[in-house]
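Here are the chains, one letter per residue:
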Amino acid sequence: MNYWLIKSEPFVYSYDQLVNDGKTDWTGVRNYQARNNLKAMEKGDICFYYHSNEGMEIVGSAKVNKTFFQDPTTEDKNWVAVEVVPHKKFKKTVKLQDVKEDKRLANMVLVKNSRLSVQPVTAAEAKIIEELSK
DNA sequence: GCCAACGTTGGC
DNA sequence: GCCAACGTTGGC
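A brief look at the structure comes next. (Residues numbered from 1 in each chain as written. Chains lettered and ligands numbered in written order. Predicted model: local features only at pLDDT ≥ 70, side-chain atom pairs only at ≥ 80, totals over all residues. Heavy atoms only, no water.)

## Considering the pattern of salt bridges
Tallied over the full model, the rule gives six salt bridges. In this structure, Arg30 and Asp71 form a salt bridge, with 2.9 Å as the shortest nitrogen-oxygen distance. In this pair, Arg30 is assigned in the loop between β2 (24–26) and α3 (32–40) and Asp71 in the loop between β4 (57–70) and β5 (80–95), connecting sequence segments 41 residues apart. Taking relative accessible area as the criterion, Asp71 reaches 0% and is therefore assigned buried. Linking Asp102 and Arg104 is a salt bridge whose minimum nitrogen-to-oxygen distance equals 2.9 Å. Look at Asp102 and you get buried, because its relative accessible area is 12%. The class of Arg104 is partly exposed, set by a relative accessible area of 48%. The network of salt bridges with shared partners includes Asp102, Arg104 and Glu131. (Salt bridge = Lys/Arg side-chain N within 4 Å of Asp/Glu carboxyl O. Helix = DSSP H or I, 4+ residues; strand = E, 2+ residues; numbered from the N terminus. Buried < 20%, exposed > 50% of the residue type's maximum accessible area, 1.4 Å probe, protein only.)

Put into structure tokens, the structure is as follows:
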């Protein structure tokens, strides 16, 4: 089982929206590195849910419910989507600032390559994030 | 709204 | 195949 971090602008699709919908197809990824991460996801993997631009915080986690399939929003066979369902809404959101201030999280992709929209998260990092969210 | 960092495109 | 030019993302 693996951990990931997926990013969304809350005014486009927020975590609360996902909770309301119950599930959603994670579409629109148009970056090869992010695409490869989508393809590597397995059912049951945990995806931390990060709000970019507004909020700039991890607000909860989602779970991979269906592994990758052709992105329904494009004909281009290069792009894929996965289906995710809400998992845990954090009691306390983890701000980007909190991540940056925690030395143990200094190597997170979120810090190192903030532009990547689907990122791998190590088990150690996942544990720390869960700790910070309590 | 600015701009740094990164990815992609296209001319050579 | 290199790299300059351009576009996009996202933190500030």
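## Let's talk about the layout of surface pockets
Over the atoms rolls a probe the size of a water molecule, and in doing so it shows where empty space is left. By volume, the largest pocket amounts to about 290 Å³. Taken together, 13 residues form the lining of the largest pocket, with Lys7, Ser8, Glu9, Trp26 and Thr27 sitting closest to its centre. No other element matches β2, which puts three residues into the lining of the largest pocket. Residues that form the lining of the largest pocket fall into these classes: four nonpolar, six polar and three charged. (1 Å grid on protein atoms, 1.4 Å probe; cavity = no way out; pocket = protein on both sides within 12 Å on 5 of 7 lines; lining within 4 Å. Points joined across faces, edges and corners; volume = space filled by probe spheres on them. Nonpolar A, V, L, I, M, F, W, Y, C, P; charged D, E, K, R; others polar.)

Honestly, it's all geometry; don't read function into it.
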